[in-house]
Each structure stands twice: as C-alpha cells, then as structure tokens.
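Structural characterization, general
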Amino acid sequence: MTAVSEPRQSCSERLVTRLASRLERRGLSRRSFLVRSVMVGSVLTVAPLRWALRPTSAYASICGEGARCDQGWTAFCCTINNGANTCPPGSYVAGWWKIDNSPFCQNEPRYIVDCNRSPGATCRCRCASGTCDQRRVCCNNFRYGQCNTQIPGVTEVVCRVVICTVPWRWDPACGTSLRTDNRTRTHNAPCLPGRDATPIDLHYQDLGQSGSLLGRPVAAEQPGPRSGAWRRYERGVITWRQATGPRVLTDRIAARYVGFDGPGGALGYPISAATEIEGTAGRQVRFERGRIIDDGARSFAVFGPALPRYDGLGGATGQLGFPTDSTTPVGDGRGSVTRFEQGAIYTLAGAAQELGPTMAARYHALGGPVDSGLGYPRGPADEQEQRFAHGVLVATDGTLRVVRGVIARRYLELGGRHGPWGAPVADQEQVGGGWQASFEDVSVFAGPTTGAFALDGAVLAAYLDAGGPGGALGWPTSDRIRTRFGHDRASFEGGAIEVDAATGTARVLRRRGTRSASELS
Amino acid sequence: MRLQGHGLTAELPAGWEGAISLDRDEEAVELAGIGGTLHPVVHLGSFPLPADRGDFGSGAVEVMRDDDMFVALVEYGPDAVGTPLFATGGLPRRVDPRWFSGASLQRAVPGQVGWQSFFTQGNRAFCLYVVLGAQGDANQLARRVEAVLATIEIEEAR
C-alpha cells in the first residue's frame, strides 16, 4: 500500500506563516501587516486586498483552496514537473473539466486536464512539496473520461495541467463533452499564471510552459507598437496583438526576428504561422512588412520592395532560390540589397531589380552600388549584359567586364556588344584624369571633358605611338572617321592623326599652340 | 419521487434528493458553438444536495455524513460510444462493497470511499460514480445504492 507523507512547508512558507502569526499575536491585523510590510511580495502583488481582508493564509491567495495534501485534490503538473505544464512521462491525458468565467483565463473558461498514470507505468502516491501547491500526486484513482478513450480502465491522476484553450483543440485526443466543476475555481500554483496574466502568459501556459518548444523565458514581456507585446524565451518568441492574437516563432526564425528587434523593427508583427515551402526542406513566416525564410539550415529576413519582387520571381522555389543574407541597407543609405543562392535584389526609391548569380557575384566583388562606381542595377536582368545607373557589366568569353560612365553610355547607345565596338575585352581603366576601355574592335578613350571616342587600326597605333592620352595629342575629340578623300582621321585635343588610305602612312598633325619650339622652326 | 429528463429516469427513495441537469449557462452554450457538446448529468443523494455542485459531486460530497450516499450518472458524447473505455455493456445494477476505495475519489475526503464505472447502454456512453460516506458501512450502503440503481432507466439514443 502506498503511503502519503505529511505536507512540509518550504523555508519561505514557514517564514510567512511565522510572520503572520507573530503579527497577529501582537494585535496587528492583516491589513496592518499589509501596510507595514513589503515582504511576501508576490502574494501581495497578486491579491493584496483579498489577503488583507479575508481570513485566509497568504498561500491560499496564490494556490487557492484545497492546496494542502490532506485536502484531497491532485497537484498541478508544473509543481512536480520542473515548471512544465505538461503531462509527465508515464502519464497520459485522460479527461478534463471546465471552470466558468475564470479570472485565471481573463474571465473566459479555464480547463483542468487530468494526467493519469499510463497503464504499465508506476508512480508513488505522495504530496507535492516545495511550493504552496502541496496537493496529492498519483493518489486519486479517478478519470473524467473524455480523452484517449482507446485506453480502457481507470488509473491514478498523476497531476493536473491547466489551459485556457478548449481541450479538443489543445489535444485532438480529447472529446468535446463539457464537464464543469466551478468548486475548483481558486485552484492554482505559483508556477502557473495568476489573475493578472497577460495573453502571452496564457498562451505560454497552454503550450506547456518550460515543457514547450520555447523553453524558459529569458526576458520580461516587452510592449510592442500599437498596444501589442512580445516576450523572448530560450528557443523562441511569442508576440501578441489584439487583431491577430498570440503568434509563436521558434528556433532560427525566432532568433532572426529578435535580431531585427521584434515587432518594433523592420518586420513588424508576424501574421502567419510557420509554413512549409513546398518541395523543399524550408519554411517561412510572414510578417506585416516582410518575411523570414528558413532553408532548413539558415534563416534570413526579406522585406521592403525586395519582397514582392522576390515573390514575383517565384520566391524560394523560383530563379533566385533561398536568401543567403537578410535585406541590408546599402552604404549610401538610399537602397538595400538582399542576396540569394542564385542572385540578388537591389532596391532604390521603391523600385527593385534582380541580378542573376554571375552578375550579382561580380557586382558584389566590385563593391556594389557605391564602391563599384556602377550605381544601382537597371532592368531587365541580363546575365550577358547588365545595365546599371552608371555603367554596364558585359560577359565576354566567360568573364564579366566592367564599363562605366560616358564610355558605357556611348557603348549602349551604339548597340552594346552587338554594336560596332563589339564586347569589351578588359575592364575599363583609369588613365590620367580619364578612362580607357578596350573592346573587341576598338579602344575607347574618354577624357575628363571630351566624351568617349573610339579609335582603331593605324590611327590607334599612331595615337599610342604618340604617347596616347598622356602625349602631346591629349584625349580624342572624335572617333576615327573615313574622310571623303579616303583617309582615316581622328581629332584630338592637341591635333589630329590622319592615315593615308593608299600608303598606310600616318601623319600626326599638331595644333600650332601645342607644338614645341623645335617643331615650329 | 420520480426524476425524468433527457431520456433518463430515476425513482428516488424517501429522504433522497436528485436532479437531472444539462449545463445550459451562457459559457456552455458559447462553447457548444465552437464544438463543445452538452450532455445530461444525474445527481442522486441521500442528503440535501447543495446547489453549487461539480459534475462529479464536488461541493456535495463535502457535506455527506457517514451514512450518506451520492450517485452521479454522467453522459458523454456519441464519439465515446463503443470505445474501449466505455466497452462495458449496461448500467451496473449490482454493487460490490469491495470495489469501493478511499483512493477512488475525485477528491479524497477522509472516511469516504468511491467507485467509478464507464459503460455504454442504449447506444449512449456514461460514467457511473458512487461515493459512500464511510467504508465501515459499505455493505449496507451498497445495498441501498443498488436499490436506487435498480430504478434508473436509460432510453435508447435518438
């Protein structure tokens, strides 16, 4: 036969009992005690008026009636299960009853769920200890009978779980037959939410508290925008808004959300549960202003104008794949970048433009919108020739070449790689105060004030022989042209070059003001 | 006195009180709107039954004397019919005092003993819960409970 031990008071409980009785011996009422003392703070916080005015112990205010072992009721699971509001191992959900208009559930029904010993498991009838919930554990052989009716027979109630969610939604193994016992209205435990519980407290309770996926709280509940709130736990977050109710985020998605400062940050409140991304190991949660997408190993946030663009391209199962970084502001403070497995999306002034994987990698290596000198990408996305605000990246023989500024503008005006210059064969280089770019069919020079001009053949050779932009001729001021006399000619800041079409002889014609004294003599 | 309602009938011996009730308060009706189901509860007692009682007799058992008896017949929804928990066929008419135990109570009350039986009858699922005021008188009290149980009639489910 099992034995039930006498209930023992904890140190703090003994302290409260001694204090109360000592004060009463001195003729101090409970009201006086309340006024004069700041001790037993949690009791006074929860129910000071009741404690002061009613002939009841301080612990009755927390644990309610029938909290002693010899009063016959069963203890709450969180009392004996390390704070977890779940059925302990070796027990199962066996039945439930409701308590109407419960102050512990914000005046909605509260449900007490019995966890009965599983057939074949063993447990010892005893009193819960360590808190004011000293009720019985594994003693009362009784069953309410709405849950898991595939299990026959009646076993001892190990402990009781508390929820504010209807049991048949909390656990589909529970039936819907309503049973009521309002005589248990005051029953509670220090490990359960009190009468001042917030919606987040109650949702955490219904999830199982420390027995849930969330683990234990790591911070106090924080207020959020628009009268909402949120709280962080070891492995997740609960947010709450009147409009949406509580939402739970777990693991990597929760960590990323915390990194973005929760509901007050760029994402706002969650507006969906985590949903699987079909055909992948990924999942995602939608927020007011963005989304966190998890590929099964990493989570990143995508928000702002990048998100509709990403969705328009098929999201994680589209051409860009999963994000490899969160949406990040560009250094100029004007735009943003979001990088993906197969490219990137850049945004500026509400517009978004994607880049394919090759373009995105090269552009990023060049320093992106600011340091590359290219500015932000302009559509459409083209892995062969991508335009930017101040330049172009062109694929030539498997290598992306960069052309910027006036040279890029002229190159594109002339038809790009299909135009007369052909594709660039090297990255544009800075020469003196200007630029030089080599294309398949020409070399293009752009001085600080001259514009971009293309030279080729003997004219180009003669120009380079004459020292190029750093020579006496300076920067070209025209393309190489064919004159009506059949000569090839180009003009420069300091003169011209003319090549006789018949002989191939090049003549450098210098402006008078640019000739040296020996040349003039 | 004869009690009748919700397809249940019981004849009360002299000195007994009883009620057949269906929770129809505002919250129960609201819960019925989101899937909850309402089913009758029969309470029979050899003592004055307080108005505020839990479905399994809390509030009533606390005022029982040693020679008192309390009987609760609690119905469940059709989903429970025929499941292993409710596999026993028919309302028990015979009550063995040896079945009663101080451990078989929803709430342990010193001296009291209880017994619980789930069964199906008339395609309806029930739990019969009996509390005796004292184990010492279990033989006599069990006979008196049997007499009451003999008067209970359960109609077929509609």
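Because the structure is predicted, anything quoted here is derived from the model rather than measured.

Let us now look at the overall build of chain A. Helix and strand content of chain A: 15 helices and 29 strands. Looking at chain A as a whole, 53% of its 521 residues are labelled buried. Taking contacts inside chain A between residues at least 6 apart in sequence as the whole, the part at least 24 apart equals 49%. Summed over its atoms, the accessible surface of chain A is roughly 23,000 Å², and 50% of this surface lies on carbon and sulfur atoms.

Strand pairs in the sheet, formed through backbone hydrogen bonds, run parallel or antiparallel to each other. All names here are of chain A. Strand order across the open sheet formed by four strands is 26-27-28-29, with antiparallel pairing between neighbours. The open sheet is flanked by strand 26 (481-482) and strand 29 (506-510), the only strands paired with a single partner. In this structure, strand 27 (residues 488-492) lies alongside strand 28 (residues 495-499), joined through five bridges in antiparallel fashion. Note on strand 28: the bridge partner recorded for phenylalanine 492 is glycine 495. Relative to the sheet, helix 14 (residues 457-465) contacts strand 27, strand 28 and strand 29, its axis offset from that of strand 28 by approximately 135°.

Residue and element names in this part refer to chain A. Of all the residues in helix 11 (residues 357-366), the buried ones are Met359, Ala360, Tyr363 and Leu366. Looking straight down helix 11, one finds its buried side chains confined to an arc of 130°; they lie on one side. Once helix 11 finishes, glycine 367 follows within two positions and takes phi at roughly 115°, a positive value.

As a further point, take the nonpolar core. Note that soluble globular proteins tend to have their nonpolar side chains buried in a common cluster. Within the largest apolar cluster, 31 residues are counted, with the highest numbers of intra-cluster contacts made by Phe76 of chain A together with Phe56, Phe70, Tyr76, Phe86, Tyr129 and Val131 of chain B. Listed by contribution, the elements that provide at least two residues to this core are strand 1 (91-102) of chain A together with strand 5 (69-76) and strand 7 (124-132) of chain B. Counting 29 residues, the second largest nonpolar core, distinct from the first, contains Leu3, Leu8, Leu73 and Leu91 of chain B.

Of the residues lining the interface, 38 residues belong to chain A; the matching set on chain B comes to 37 residues. Roughly 3,100 Å² is buried in total at the junction of chain A and chain B, and carbon and sulfur atoms are behind 50% of that figure. Among the residues of chain A in contact with chain B, Phe142, Arg179 and Arg183 of chain A are the three that bury the most area, contributing 22% of the side total. Applying the counting rule to chain A against chain B returns three salt bridges. Between arginine 183 of chain A and aspartate 52 of chain B there is a salt bridge whose closest N-O contact spans 4.0 Å. Linking chain A to chain B there are 23 residue pairs in polar contact (both at pLDDT 80 or more).

Another point: the pairing of strand 7 of chain B. All names here are of chain B. Where burial is concerned, most of strand 7 is hidden: nine out of the nine residues are buried. Relative to strand 7, strand 5 is paired through eight bridges, and the arrangement is antiparallel. When the bridges of strand 7 are listed, valine 74 appears paired with cysteine 127. In this sheet, strand 7 lies alongside strand 6 (residues 113-121) in antiparallel orientation, the contact comprising nine bridges. Bridge pairing links glutamine 116 to tyrosine 129 in strand 7. Taken together, strand 6 and the strand that follows it, strand 7, pair antiparallel across an intervening segment of two residues, in which glycine 122 is found at a positive phi of about 60°.

Strand order in the open sheet formed by four strands is 10-11-12-13 (chain A), and the pairing between neighbours is antiparallel. A strand with exactly one partner marks an edge of an open sheet, and here the two such strands are strand 10 (275-276) and strand 13 (299-303) of chain A.

Our focus in this paragraph is the pattern of salt bridges. All names here are of chain A. Taken as a whole and assessed by the stated rule, the structure comprises 32 salt bridges over all chains. The closest approach of N and O atoms between arginine 235 and glutamate 234, which form a salt bridge, is 3.9 Å. Via salt bridges that share partners, Asp456, Arg480, Arg482 and Asp488 belong to a single interconnected network.

Looking now at the confidence of the model for chain B. The predicted coordinates should not be examined in detail at positions where pLDDT is low. With 100% of its residues at a pLDDT of 70 or more, chain B shows a mean pLDDT of 95. On the interface metric, ipTM, the complex scores 0.96, and its pTM is 0.82.

All right, on to the environment of phenylalanine 118 of chain B then. When you line up the elements, phenylalanine 118 of chain B lands in strand 6. Counting along the chain gives 52 residues from phenylalanine 118 of chain B to aspartate 66 of chain B, while the straight-line C-alpha distance between them is 26 Å. Contact partners of phenylalanine 118 of chain B, with chain neighbours within four places excluded, come to Arg143, Tyr144, Gly145 and Val154 of chain A together with Tyr76, Leu85, Phe86, Thr88, Phe126 and Cys127 of chain B.

All names here are of chain A. For helix 8 (residues 199-207), the full list of buried residues reads Ile200, Asp201, Leu202, Tyr204, Gln205 and Asp206. Packing partners of the buried residues in helix 8 comprise strand 5 (157-163), helix 7 (167-170), strand 7 (229-233) and strand 8 (236-241). Phi for glycine 208, located one or two positions after helix 8, is positive at around 115°.

Once that is clear, we can look at the state of the cysteines. Residues and elements named next belong to chain A. Overall, the coordinates contain nine disulfides over all chains when judged by the stated rule. One disulfide in the model links cysteine 69 with cysteine 127; its S-S distance is 2.0 Å. Between cysteine 69 and cysteine 127, the disulfide has an S-S torsion of -80° and is therefore left-handed. Here the residue cysteine 69 occupies a position in the loop between helix 5 (58-63) and helix 6 (77-80), and cysteine 127 occupies one in strand 3 (residues 126-127), the gap between them amounting to 58 residues.

About the cut-offs
- Along each chain, the written sequence defines residue order, and numbers are assigned to residues from 1.
- For this description, chains carry letters from A and ligands carry numbers from 1, given in the order in which they are written.
- In keeping with the predicted nature of the model, local features appear solely for residues at pLDDT of at least 70, side-chain atom pairs appear and are counted solely at 80 or more, and the whole-chain, interface and lining totals rest on all residues.
- For the side-chain quantities, the full set of heavy atoms in the structure was used; hydrogens and water were omitted.
- By definition, any uninterrupted DSSP run of H or I lasting at least four residues is a helix, any uninterrupted run of E lasting at least two residues is a strand, and each is numbered from the N terminus.
- Three labels apply to residues, based on accessible area from a 1.4 Å probe with only protein chains included: buried if under 20% of the type maximum, exposed if over 50%, partly exposed otherwise in between.
- The contact definition used throughout considers only heavy atoms, calling two residues in contact when any of these lie within 4.5 Å.
- The method behind every accessible area is Shrake-Rupley, applied with a 1.4 Å probe, and residues are considered shielded solely by the protein chains displayed.
- Paired strands, as defined in this entry, are two strands with at least two bridges between them according to DSSP.
- Angles here are taken between N-to-C directions and fall from 0 to 180 degrees, while the axes themselves are lines fitted to C-alpha atoms, restricted in helices to the stretch in contact.
- Directions drawn from the helix axis to the C-beta atoms are what define this arc.
- The nonpolar core is taken to be a set of buried Ala, Val, Leu, Ile, Met, Phe, Trp, Tyr and Cys residues, with the residues joined through side-chain atoms within 4.5 Å.
- Accessible area that two parts lose when put together, evaluated with a 1.4 Å probe and summed over both, is termed the buried area.
- In what follows, salt bridge is the name for a side-chain nitrogen of Lys or Arg lying within 4 Å of a carboxyl oxygen of Asp or Glu.
- Between N or O atoms, a polar contact is any pair within 3.5 Å; within protein, one atom must be a potential hydrogen donor and the other a potential acceptor, and residues adjacent in sequence are included only when both atoms are from side chains.
- Scored from 0 to 100, pLDDT records how confident the predictor is in each individual residue.
- Cysteine sulfur atoms are paired as a disulfide whenever they fall within 2.5 Å.

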